[in-house]
Amino acid sequence: MKLDIIISADHIEEKYLENKIVVVIDMLRATSVITTALNNGCKSVIPFLTVEEALSFAKNIENNCVLGGERKALKIEGFDFSNSPLEYREDKVKGKTVVITTTNGTRAIKGASRASRVFIGSLLNAKSVAELLTRLNEDVVFINAGTYGQFSMDDFICAGYMIHLIAKTAEQDLSDIAFTAKYIYENNTDITNFIKNASHYEVLKSLGLEEDLTYCSKKDIVSIVPEYKDGEIKISNI
Ligand code: 3SL
Ligand code: MG
(Lines give C-alpha, C1' and ligand atoms only; values in the text may rest on other atoms or scores of the structure.)
(Ligands and ions follow the chains in the order given, each with its own letter.)
Protein backbone atom coordinates (compact mmCIF):
# COMPACT_ATOMS: atom_id res chain seq x y z
CA MET A 1 0.00 0.00 0.00
CA LYS A 2 1.60 3.25 -1.19
CA LEU A 3 0.95 6.33 0.93
CA ASP A 4 1.54 9.88 -0.26
CA ILE A 5 0.54 13.44 0.70
CA ILE A 6 -0.47 16.51 -1.32
CA ILE A 7 0.28 19.62 0.72
CA SER A 8 -2.58 21.94 -0.26
CA ALA A 9 -5.64 22.30 -2.45
CA ASP A 10 -3.49 24.33 -4.89
CA HIS A 11 -1.12 21.39 -5.30
CA ILE A 12 -3.72 18.85 -6.46
CA GLU A 13 -2.86 17.29 -9.81
CA GLU A 14 -5.49 14.90 -11.11
CA LYS A 15 -2.92 12.48 -12.55
CA TYR A 16 -1.82 11.65 -8.98
CA LEU A 17 -5.35 10.75 -7.92
CA GLU A 18 -6.37 8.25 -10.58
CA ASN A 19 -7.03 4.79 -9.12
CA LYS A 20 -6.09 6.07 -5.68
CA ILE A 21 -8.10 6.43 -2.53
CA VAL A 22 -8.01 10.01 -1.26
CA VAL A 23 -8.44 11.22 2.31
CA VAL A 24 -9.10 14.95 2.50
CA ILE A 25 -7.88 16.59 5.71
CA ASP A 26 -8.70 20.09 6.93
CA MET A 27 -8.62 19.54 10.67
CA LEU A 28 -8.92 23.33 11.28
CA ARG A 29 -11.82 23.20 10.66
CA ALA A 30 -13.79 22.05 7.62
CA THR A 31 -13.32 18.29 7.89
CA SER A 32 -13.90 18.44 11.65
CA VAL A 33 -17.21 20.19 10.92
CA ILE A 34 -18.25 17.61 8.32
CA THR A 35 -17.34 14.69 10.58
CA THR A 36 -19.19 16.23 13.52
CA ALA A 37 -22.34 17.10 11.56
CA LEU A 38 -22.65 13.58 10.16
CA ASN A 39 -21.91 12.03 13.52
CA ASN A 40 -24.72 14.16 14.94
CA GLY A 41 -27.21 12.75 12.47
CA CYS A 42 -27.33 15.10 9.51
CA LYS A 43 -28.51 13.36 6.33
CA SER A 44 -25.65 14.54 4.16
CA VAL A 45 -23.21 17.39 3.69
CA ILE A 46 -23.08 19.05 0.28
CA PRO A 47 -19.91 21.05 -0.42
CA PHE A 48 -19.82 24.06 -2.75
CA LEU A 49 -16.97 26.22 -3.95
CA THR A 50 -18.83 29.53 -3.83
CA VAL A 51 -21.29 31.28 -1.54
CA GLU A 52 -23.62 31.93 -4.50
CA GLU A 53 -23.77 28.23 -5.45
CA ALA A 54 -24.46 27.23 -1.85
CA LEU A 55 -27.25 29.81 -1.45
CA SER A 56 -28.97 28.92 -4.70
CA PHE A 57 -28.85 25.16 -3.95
CA ALA A 58 -30.19 25.73 -0.43
CA LYS A 59 -33.15 27.75 -1.75
CA ASN A 60 -34.53 24.65 -3.47
CA ILE A 61 -34.48 22.42 -0.39
CA GLU A 62 -35.29 25.17 2.11
CA ASN A 63 -37.19 23.13 4.71
CA ASN A 64 -34.65 20.54 5.48
CA CYS A 65 -31.43 22.35 4.97
CA VAL A 66 -28.94 24.43 6.91
CA LEU A 67 -26.19 26.57 5.46
CA GLY A 68 -22.74 26.59 7.01
CA GLY A 69 -19.18 27.64 6.35
CA GLU A 70 -16.86 30.60 6.44
CA ARG A 71 -14.94 33.25 4.64
CA LYS A 72 -11.86 34.57 6.45
CA ALA A 73 -12.87 32.18 9.29
CA LEU A 74 -16.10 34.12 9.91
CA LYS A 75 -19.76 33.24 9.41
CA ILE A 76 -21.10 34.17 5.97
CA GLU A 77 -23.96 36.66 5.82
CA GLY A 78 -27.33 34.90 5.51
CA PHE A 79 -25.93 31.53 6.63
CA ASP A 80 -27.21 29.55 9.64
CA PHE A 81 -23.85 28.45 10.99
CA SER A 82 -20.22 29.48 10.89
CA ASN A 83 -17.43 26.92 10.46
CA SER A 84 -17.36 26.04 14.13
CA PRO A 85 -17.92 22.29 14.62
CA LEU A 86 -19.50 23.00 18.00
CA GLU A 87 -22.49 24.64 16.30
CA TYR A 88 -23.43 21.45 14.44
CA ARG A 89 -25.19 19.89 17.41
CA GLU A 90 -27.60 16.98 17.11
CA ASP A 91 -30.63 19.17 17.88
CA LYS A 92 -29.65 21.52 15.04
CA VAL A 93 -28.65 19.13 12.26
CA LYS A 94 -30.37 15.77 12.79
CA GLY A 95 -32.20 14.69 9.60
CA LYS A 96 -31.09 17.81 7.73
CA THR A 97 -28.89 18.46 4.74
CA VAL A 98 -25.90 20.64 5.57
CA VAL A 99 -24.84 22.85 2.64
CA ILE A 100 -21.32 24.08 3.20
CA THR A 101 -18.72 26.30 1.59
CA THR A 102 -15.30 27.02 3.09
CA THR A 103 -12.10 28.59 1.83
CA ASN A 104 -9.77 25.61 1.59
CA GLY A 105 -11.58 22.49 2.79
CA THR A 106 -14.43 22.33 0.30
CA ARG A 107 -11.99 23.22 -2.50
CA ALA A 108 -9.80 20.26 -1.55
CA ILE A 109 -12.84 17.95 -1.51
CA LYS A 110 -14.12 19.10 -4.90
CA GLY A 111 -10.58 18.83 -6.28
CA ALA A 112 -10.42 15.15 -5.32
CA SER A 113 -13.25 13.97 -7.57
CA ARG A 114 -10.95 11.97 -9.88
CA ALA A 115 -9.93 9.57 -7.09
CA SER A 116 -11.48 6.10 -6.86
CA ARG A 117 -12.92 6.98 -3.45
CA VAL A 118 -12.79 10.14 -1.35
CA PHE A 119 -12.93 9.93 2.44
CA ILE A 120 -13.02 12.81 4.89
CA GLY A 121 -10.55 12.76 7.77
CA SER A 122 -9.71 14.79 10.83
CA LEU A 123 -8.13 14.06 14.18
CA LEU A 124 -11.62 13.36 15.49
CA ASN A 125 -12.00 10.22 13.36
CA ALA A 126 -8.34 9.47 12.57
CA LYS A 127 -8.33 5.96 14.02
CA SER A 128 -11.46 4.93 12.13
CA VAL A 129 -10.05 6.33 8.89
CA ALA A 130 -6.77 4.46 9.43
CA GLU A 131 -8.63 1.20 10.17
CA LEU A 132 -10.73 1.58 7.03
CA LEU A 133 -7.68 2.28 4.85
CA THR A 134 -5.87 -0.70 6.34
CA ARG A 135 -8.84 -2.91 5.55
CA LEU A 136 -9.11 -1.64 1.95
CA ASN A 137 -5.34 -2.01 1.47
CA GLU A 138 -5.09 0.18 -1.64
CA ASP A 139 -2.83 3.12 -2.51
CA VAL A 140 -3.77 6.30 -0.66
CA VAL A 141 -3.13 10.00 -1.20
CA PHE A 142 -3.83 12.29 1.73
CA ILE A 143 -4.89 15.70 0.44
CA ASN A 144 -4.14 18.34 3.02
CA ALA A 145 -6.40 21.32 2.41
CA GLY A 146 -3.65 23.67 3.57
CA THR A 147 -4.25 27.38 3.94
CA TYR A 148 -4.69 29.59 0.87
CA GLY A 149 -2.56 27.21 -1.17
CA GLN A 150 0.17 27.00 1.46
CA PHE A 151 1.40 24.02 3.47
CA SER A 152 -0.16 23.85 6.91
CA MET A 153 1.39 21.97 9.82
CA ASP A 154 -1.96 21.06 11.38
CA ASP A 155 -3.16 19.02 8.36
CA PHE A 156 0.34 17.58 7.92
CA ILE A 157 0.63 16.17 11.43
CA CYS A 158 -2.93 14.86 11.22
CA ALA A 159 -1.92 12.88 8.11
CA GLY A 160 1.22 11.80 10.00
CA TYR A 161 -0.91 10.43 12.83
CA MET A 162 -3.05 8.39 10.40
CA ILE A 163 0.07 7.05 8.65
CA HIS A 164 1.52 6.13 12.05
CA LEU A 165 -1.65 4.16 12.85
CA ILE A 166 -1.67 2.39 9.47
CA ALA A 167 2.02 1.51 9.80
CA LYS A 168 1.33 -0.38 13.02
CA THR A 169 -0.38 -3.21 11.16
CA ALA A 170 -0.19 -2.80 7.38
CA GLU A 171 2.72 -3.07 4.99
CA GLN A 172 3.31 0.36 3.55
CA ASP A 173 5.48 2.08 0.98
CA LEU A 174 5.84 5.70 2.10
CA SER A 175 6.76 8.61 -0.16
CA ASP A 176 9.36 10.95 1.36
CA ILE A 177 6.66 13.36 2.45
CA ALA A 178 4.52 10.59 3.98
CA PHE A 179 7.59 9.30 5.85
CA THR A 180 8.28 12.83 7.10
CA ALA A 181 4.70 13.34 8.30
CA LYS A 182 4.87 10.07 10.25
CA TYR A 183 8.25 11.06 11.68
CA ILE A 184 6.95 14.47 12.73
CA TYR A 185 3.93 12.91 14.45
CA GLU A 186 6.01 10.26 16.25
CA ASN A 187 8.25 12.98 17.64
CA ASN A 188 5.33 15.26 18.53
CA THR A 189 2.52 13.03 19.75
CA ASP A 190 1.07 15.97 21.68
CA ILE A 191 -0.57 17.42 18.58
CA THR A 192 -2.22 20.26 20.49
CA ASN A 193 1.15 21.54 21.54
CA PHE A 194 2.65 21.13 18.07
CA ILE A 195 -0.06 22.96 16.16
CA LYS A 196 0.17 25.98 18.47
CA ASN A 197 2.89 27.06 16.04
CA ALA A 198 0.61 26.94 13.01
CA SER A 199 -0.34 30.27 11.46
CA HIS A 200 -4.00 29.29 11.15
CA TYR A 201 -4.05 28.31 14.85
CA GLU A 202 -3.05 31.89 15.61
CA VAL A 203 -5.78 33.27 13.35
CA LEU A 204 -8.49 31.20 15.06
CA LYS A 205 -7.12 32.06 18.50
CA SER A 206 -7.15 35.76 17.71
CA LEU A 207 -10.86 35.42 16.86
CA GLY A 208 -11.56 33.89 20.26
CA LEU A 209 -12.13 30.39 18.85
CA GLU A 210 -10.12 28.52 21.49
CA GLU A 211 -12.97 26.04 22.07
CA ASP A 212 -12.86 25.02 18.42
CA LEU A 213 -9.10 24.55 18.65
CA THR A 214 -9.47 22.32 21.70
CA TYR A 215 -12.27 20.29 20.11
CA CYS A 216 -10.57 19.85 16.72
CA SER A 217 -7.39 18.63 18.47
CA LYS A 218 -9.12 15.65 20.09
CA LYS A 219 -7.96 12.32 18.72
CA ASP A 220 -10.33 9.48 17.89
CA ILE A 221 -13.56 10.64 19.55
CA VAL A 222 -15.72 9.85 16.51
CA SER A 223 -15.99 6.46 14.84
CA ILE A 224 -17.67 7.31 11.55
CA VAL A 225 -15.85 7.90 8.26
CA PRO A 226 -17.54 10.31 5.84
CA GLU A 227 -17.30 9.61 2.11
CA TYR A 228 -17.74 12.08 -0.76
CA LYS A 229 -19.57 10.57 -3.72
CA ASP A 230 -21.72 12.02 -6.48
CA GLY A 231 -21.47 15.51 -5.06
CA GLU A 232 -22.48 14.74 -1.49
CA ILE A 233 -20.85 13.49 1.69
CA LYS A 234 -22.45 10.73 3.73
CA ILE A 235 -21.30 8.23 6.31
CA SER A 236 -19.39 5.48 4.52
CA ASN A 237 -20.99 2.09 4.88
CA ILE A 238 -18.01 -0.07 3.95
O1 3SL B 1 -10.40 26.88 4.90
C2 3SL B 1 -11.27 26.17 5.35
O3 3SL B 1 -11.85 25.33 4.70
C4 3SL B 1 -11.69 26.39 6.79
O5 3SL B 1 -11.72 25.19 7.44
C6 3SL B 1 -10.85 27.41 7.47
S7 3SL B 1 -11.47 27.97 8.99
O8 3SL B 1 -10.77 27.30 10.07
O9 3SL B 1 -12.88 27.78 9.12
O10 3SL B 1 -11.14 29.40 9.03
MG1 MG C 1 -7.35 24.32 7.63
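A few points on the structure. (Residues numbered from 1 in each chain as written. Chains lettered and ligands numbered in written order. Predicted model: local features only at pLDDT ≥ 70, side-chain atom pairs only at ≥ 80, totals over all residues. Heavy atoms only, no water.)

### Re the site of ligand 1
We count it as follows: Whether a residue is near a molecule or strand depends on its heavy atoms: it is near if one of them lies within 4 Å of it. N or O atoms within 3.5 Å of each other form a polar contact, as long as, within protein, one can give a hydrogen and the other can take it, and as long as residues adjacent in sequence are counted only when both atoms are side-chain atoms. Computed with the Shrake-Rupley method and a 1.4 Å probe, the accessible areas treat only the protein chains shown as cover for residues. Note that Gly is not counted as nonpolar here; it falls among the polar residues with everything else outside the nonpolar set of Ala, Val, Leu, Ile, Met, Phe, Trp, Tyr, Cys and Pro and the charged set of Asp, Glu, Lys and Arg.
Inspection of the region around ligand 1 gives 13 residues, with Asn83, Thr102, Asn104, Gly105 and His200 positioned closest. Residue Asn83 places a side-chain N or O atom 2.7 Å away from an oxygen atom belonging to ligand 1. A distance of 2.6 Å is found between an oxygen atom of ligand 1 and a side-chain nitrogen or oxygen belonging to Asn104. Against a free-state accessible area of 290 Å², the protein chains account for coverage of 98% of ligand 1. For the shell around ligand 1, the per-class residue count stands at 4 nonpolar, 6 polar and 3 charged.

### What to know about the state of the cysteines
For the record, the criterion: For the purposes of this analysis, a disulfide is any pair of cysteine sulfur atoms at a distance within 2.5 Å.
Taken as a whole and assessed by the stated rule, the structure comprises 0 disulfides. As a non-bridged cysteine, Cys42 has Cys65 as the owner of its nearest cysteine sulfur, 11 Å distant.

### Some points on the packing of aromatic side chains
We apply this condition: Two rings from Phe, Tyr or Trp (for Trp, the six-membered ring) form a pair when their centres sit within 6.5 Å of each other. Planes less than 30 degrees apart are called stacked, planes more than 60 degrees apart edge-to-face, and all others tilted. Partly exposed residues are those whose accessible area sits between 20% and 50% of the maximum for their type, while under 20% is buried and over 50% is exposed, using a 1.4 Å probe and protein chains only. Both a distance and an angle decide whether a charge sits over a ring: NZ of Lys or CZ of Arg must be within 6 Å of the ring centre and within 35 degrees of the ring normal.
One pass over the full model with this rule turns up 4 aromatic pairs. With a centroid separation of 5.2 Å and an interplanar angle of 45°, the aromatic rings of Phe48 and Phe57 are classed as tilted. On the basis of relative accessible area, Phe57 is assigned to the partly exposed category, the value being 29%. Over the face of the ring belonging to Phe48 we find Lys110, whose NZ or CZ atom lies 5.6 Å from the ring centre. The residue whose ring lies beneath Lys219 is Tyr161, and the NZ or CZ to ring-centre distance is 5.0 Å.

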